[in-house]
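Now for the letters of each chain:
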Amino acid sequence: MSRLVPFFGFMLLVALFGFGIWWNTQHDQREVPSPLINKPAPAFVLPKLDDPTQTVSREALMGKPYLINVFASWCIACGEEHPVLMTQGKSIGVPIIGYNYKDAADDAKAWLAKHGDPYDMVIVDQEGRTAIDFGVYGAPESFLVDGKGVIRYKRIGPLTPEAIEKELKPAIAALAKEQP
Amino acid sequence: MTPELGQLALILALLLAFAQGVLPLIGAWRNHRALMAVARPAAAGQAVFVSLAFVLLVWAFLQFDFSVQYVADNSNLALPWYYRIAAVWGAHEGSLLLWIFILNLWTLALTVFSRNLPEVFVARVLGVLGLVSVGFLAFIIFTSNPFLRLLPMPADGADLNPVLQDPGMTFHPPVLYMGYVGFSVAFAFSIAALLGGELEQAWVRWARPWTNVAWAFLSAGIVAGSWWAYAELGWGGWWFWDPVENASFMPWLVGAALIHAQAVTEKRGALRAWTILLSIFAFSLSLLGTFLVRSGVLTSVHAFASDPKRGLFILCFLAVVVGGSLLLYALRAPKVAGGKPFSVVSRETAILIGNLMLTVAAAMVLLGTLFPLVGDALNLGKVSVGPPYFGLLFTLLMLPVVALLPFGPYLRWGKSDTPLLKRIMWRAGLAAIACAIIAAFLTDGETKAIAGTAAAVWCGFGTLLYVVKRWREMPAGRRYPAEMAGMLLAHFGVGVFLAGVLLTNALSVERDVRMSPGQAESIGGYDFRFDGVHETQGPNWHGDQGTVTVMRNGREVAVMHPQKRTYTRGQVQTESAINPGITRDLYVALGEPMDRTQPDGAWALRLYDKPFVRWIWAGGLFMMLGGFFAAADRRFRAKRVAETEAVPAAALQESRA
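Nothing here was measured: the structure is a model prediction, and the numbers come from that model.

Q: Explain the overall build of chain A residue by residue, including any values.
A: The helix and strand tally for chain A stands at 6 helices and 7 strands. Of the regular secondary structure in chain A, the N- to C-terminal order runs α-β-β-α-β-α-β-α-β-α-β-β-α. Against the compact-globule benchmark of 16 Å for 180 residues, chain A has a radius of gyration of 21 Å, which places it well outside the compact range. Based on the C-alpha atoms only, the size of chain A along its principal axes is roughly 80 × 40 × 30 Å. Residues counted as buried form 34% of the 180 residues belonging to chain A. Considering only intrachain contacts with a sequence separation of at least 6, the fraction spanning at least 24 residues in chain A is 73%.

Given below as C-alpha cells:
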C-alpha cells in the first residue's frame, strides 16, 4: 500500500490543478478586490469642468446612487469605452459623473465635443490627488456609489456592453431593492 | 509556403513519434526484434522533421514573414537578427517547439550512445521518450501551432517583449530546457527498468552520466536566469522565489538528490526504489514547471499568455505521464530492500540525510508556490507566501546539508573510521571560525556576513583539504578521476555560492536617491556623481541615457551609463548599468525624471553597491562543471553488452573512497 502513496499524493495535486484551471475560467487573476468596496467613498471636493468656480463634494451627491467614470482625453482605452457609454449610458438608470483625470481642461472639452458627452456632470481632478484616495490605477475606471455614499462596485478598465449587462446592472438592481 | 511545410513536418514527426512510442514497447513486451528495431530509425526520422520545423520557424523570423501570426506577434523590421532568432522561443508556441526540439536532441544522443546497451532496454527507453514526444507534439499541433497564418499580412510586426531583448535571455531558455528535458532520459531509464522488471541495477549506471549532464545544464540555465533577472529587471535582486523560478528550482533540487541516490544504488545496490521514484519526480517536476508556466494557473512576474484549453491539455498529459508512472512504480518497484548494510557513520547515511533535506526542500518550494491556489481552493481569499517563508525554511533545511558536505569525500561506503572525520571537523572548523572572526572585524559584526564566511570556508576549505590529501597520497594520473573531480568541483561550488549569497545579503548597500546633475552620493565607500542625462538611440529603441561617474578616494573607478529605453512599440524598459568586479558589483538604474518637462534636471536613481554578488553565479557554474566532469568519467562509457552483463556484480563491489 505504501507504494501507492506517491500516486495518491499526485492525484491530489492533479485535483488541485484541475480546480485551478476551472477557477481561472471564472475569475480574472488580475482582479484584485478593491479594499474600498462596501466602504464609504473618500471625501472629495472637485471643480466642475464647464464651470471651475463651482465645486461638487461627496456630501452634495448623497441621497441617490451614481456612477463615477474616470476618463481622460489622453486615454486610448477611454476612446474604446466612450461609444458604449454613449449608447448605453442612459439605460443604466443612474446618473453618470465623469471624472476627468490628470487632463487639461481644454483637451477634455474638445474631446467631449468631438465624441459626445454621455455624462450628467463632469468633475475635474487635474492633479490626480483625489484619485489616489479612490485607489485609481489609471483610466478608465468606474465606481458605483450608493445613496449613502458607499462604493458598491468597481471596474478597472473599460466598461463593455457585457460588463454593463452582467455586472453593473445587477449591482444597480441590488441597490434599487435595498431602497424601495 | 514554408510555414505549411513546417506544420507538415510537425505532423509527420507526430506520426513517427507515435511509431517510436508504441511499436518498440510492444516489441520489447513480445520479444519481437523487428518491432524493437523500429525505435532508432523512428527517433532519427522524428528528429529530422522536428529540426526541419524548428529551422523553418527560425527562417520565418529571419525573413520577416509576418504572414505567420507568431512571427508578427514577436518581431518587427527593426529587431536585430540575433534577437529575431531568440524570438523563436520568446513566447508560448515557440518555447514548446524548442522543448520538443531539445527532447529530440536528447533522444538522438541516446540512440547514438546506447549502441552497447541491451536491445530490449534501449527499445523500452526510446519507446517511453517517444510517448513523451507524442504528448508534446500533439499539444503543439492542436493547441499551440506556431505556424498559424495571419491574413491579411501586416506590413510590420509587434515586438519581442523588451525584457527578453538581452544577451542573457537568448541562451537562458535553451540551456534551461536542456536541463528540464534532460531529466526525461533518467525518467525513461527508470520506467524501462520498471517495465522490464530487471533485478539487476545496471540501468542506474547507464543513467548516471545522463542525469549529471541534465543537472549541469539545469544549473547553467538557472544561473543564466538569475543573472538575467539581476541585470534586466532593474531591482538588483538575483532570486525572487517567483513561481517560474521555483518551477526550475524544484527539478534542480530533486535532480541533486537523484545524482547522489544513483551513486548509492549503483555502487551499493541500496535505495533502488527511491532512485526510481526520484527519477520520476525529477521529470515530473520538469513537466509541472511547464504546466505552471504555460497554463496560467499561477500568475507571476513572467507574464505569459495563458489559455485554459492549453492548461487542461497539459494537465491531462501530466496526469497520464506522471500518474501512469507512479502507478507503475506502485506495482513494479523492487519490493525487497536490497543492498549492502551500512552503519550510522557511513557515506550512505550522509547521502540519505542530504537526499531527505533536498526532497523536503523541493516539497516546501512546491507548497509555497501552490499556496495561492490552495488559498483559492479552501476559500481563504488571496493568500501567498513570499521570500520570508522560502528563505527561512530553505536555510533551515540546507543547514544539515552544509554541515555534512565537507565530510562527503572522506566518508566510506558501509562504515567510516571516526578519528579521521574528527580530524577533518577540527581543521575545517578551526579555519571557518578563524575566518569568521576576521569577517566579524571587517564587517562590524554583521551576523549574515559572519555566517556566510564561516559556512563558505567550512565547505570550501573542507573540500580543498581532500584535494590536498589525494594529491599527496595518490600517484600522478590517478589522483582525480573525473567522477571525483566533478564531486569536488560541485561541493566547492556550494561554498562559493554560500559566500556569495550571505555576503551580498549582509553587505549590499541599496539607495534610491534624487540627484541633480553634478550632485554626488556616497555609498559603500564609493562616490557616485550624476553627470546628467542625454538622448540616445539603438537599433529598435530610443531612450535617455544617464552618465554616472564613480570615484573612490578621488580616483575614477568607472563611468556608468544606465538607460531608460522606449522600444518601437512603446514598451519602456530600464537598462541598468553594471560595473562588475570579483569582490563587488556597482549597479545603477535610472528611474524617472523629477519633472517630465525637464529631462536635463534631477532624476530618481537607484544606486547599489553589491559585494560578492558574482560569487553566487560562480558557485552555480562550479556546480555545473561538477556535473559535466562527473558525467565524463570513463567508468560510465558503457562496455560491450556481454561484458556489462557479466560485470555488475563485480562493479557493485567496487568502492572509491
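That was the structure; now back to the text.
Q: So what about the sheet that holds strand β5 (residues 121-125) of chain A? Which residues, and what values?
A: All names here are of chain A. Pairing in this open sheet of 5 strands is mixed, and the strands run β5-β4-β3-β6-β7 from one edge to the other. On the outer flanks of this sheet lie β5 and β7 (151-156), each paired with one strand and no other. Ignoring which end each strand starts from, the neighbouring axes of this sheet average 20° apart. Both strand β6 (residues 141-145) and β7 contribute to a ladder of 5 bridges, which runs antiparallel. Counterpart to V145 in the pairing with β7 is I151.

Q: Residues and numbers for the interface of chain B and chain A, please.
A: Interface size is often expressed as the accessible area that is lost when the parts come together. At the junction of the two partners, chain B supplies 22 residues and chain A supplies 17 residues. At the level of elements, α11 (272-295), α12 (308-332) and α13 (347-377) of chain B are the ones that each hand at least two residues to the side of chain B that touches chain A. Examining the composition of the side of chain B that touches chain A, we find that 11 residues originate from one element, α12(B), more than from any other.

Q: Provide a residue-level description of the domain arrangement of chain B, including the pertinent values.
A: Residues and elements named next belong to chain B. Looking at chain B, the domain boundaries give domain 1 (1-165), domain 2 (166-336 + 343-400), domain 3 (401-508) and domain 4 (509-614). Put simply, the middle of domain 2 and the middle of domain 4, counted by C-alpha atoms, are 38 Å apart. Residue-level contacts link 4 residues of domain 2 with 9 residues of domain 4. Looking at the side of domain 2 that touches domain 4 residue by residue, the class counts come to 2 nonpolar, 2 polar and no charged.

Q: Talk me through the pairing of β7(A); I want residue IDs and the actual numbers.
A: Across the 6 residues that make up β7(A), a large majority, 5, are buried. Connecting β6(A) to the next strand, β7(A), in antiparallel fashion are 5 residues, including A:G149 with a positive phi near 80°.

Q: Break down the domain arrangement of chain A for me, citing the residues and quoting the values.
A: According to the domain assignment, chain A consists of domain 1 (1-30) and domain 2 (36-178). Between the C-alpha centres of domain 1 of chain A and domain 2 of chain A there is a distance of 41 Å.

Q: Lay out the pairing of strand β10 (residues 603-611) of chain B with the relevant residues and their values.
A: All names here are of chain B. Across the 9 residues that make up β10, a large majority, 7, are buried. By the bridge criterion, 8 bridges tie strand β9 (residues 584-593) to β10 in an arrangement that is antiparallel. Directly across from Y587, in β10, lies its bridge partner Y608.

Q: Describe the sheet that holds strand β1 (residues 509-515) of chain B, naming the residues involved and giving the relevant values.
A: Residue and element names in this part refer to chain B. Taking strand neighbours across the sheet as the criterion, the 4 strands line up as β1-β10-β9-β8 in an open arrangement whose pairing is antiparallel. Looking at which strands have only one partner, the edges of the open sheet turn out to be β1 and β8 (577-579). For this sheet the average axis-to-axis angle between neighbouring strands, irrespective of direction, equals 15°.

Q: Which residues make up the environment of B:E575, and what values do they have?
A: All names here are of chain B. Position of E575 relative to the elements: it lies in strand β7 (residues 572-575). Put simply, E575 and H561 are 14 residues apart on the chain and 8.9 Å apart in space, counted from C-alpha to C-alpha. Not counting chain neighbours up to four residues away, the residues in contact with E575 comprise P562, Q563 and R565.

Q: Describe the environment of B:V533, and please don't skip the residues or the numbers.
A: Residues and elements named next belong to chain B. Looking at where V533 falls in the secondary structure, it is placed in strand β3 (residues 526-537). Spatially, the C-alpha atom of V533 lies 9.3 Å from that of V548, the residues being 15 residues apart in sequence. Residue contacts for V533: discarding those within four places in its chain leaves D544, Q545, G546, P599 and W603.

Q: Pulling in residues and values, what's your account of the packing of helix α9 (residues 202-232) of chain B against helix α10 (residues 243-268) of chain B?
A: Residue and element names in this part refer to chain B. At their nearest, the axes of α9 and α10 sit 9 Å apart, and the two run at 150° to each other. In terms of orientation, α9 and α10 fall into the roughly antiparallel class. Both α9 and α10 take part in a crossing whose hand is left-handed. Residue composition of the contact of α9 with α10, grouped by class: 12 nonpolar, 9 polar and 4 charged.

Reading the values: the criteria
- Residues numbered from 1 in each chain as written.
- Chains lettered and ligands numbered in written order.
- Predicted model: local features only at pLDDT ≥ 70, side-chain atom pairs only at ≥ 80, totals over all residues.
- Helix = DSSP H or I, 4+ residues; strand = E, 2+ residues; numbered from the N terminus.
- Rg over C-alpha atoms; globule rule 2.2 N^0.38 Å.
- Buried ≥ 20, exposed ≤ 12 C-beta atoms within 10 Å, placed from the backbone.
- Contact = placed C-beta atoms within 7 Å.
- Pairing = 2+ DSSP bridges.
- Axes fitted to C-alpha atoms, helices over the stretch in contact; angles between N-to-C directions.
- Domains from an automatic or database assignment.
- Nonpolar A, V, L, I, M, F, W, Y, C, P; charged D, E, K, R; others polar.
- Parallel < 35°, antiparallel > 145°, perpendicular 65-115°, else oblique.
- Left-handed = near helix turned anticlockwise from the far one by under 90°.

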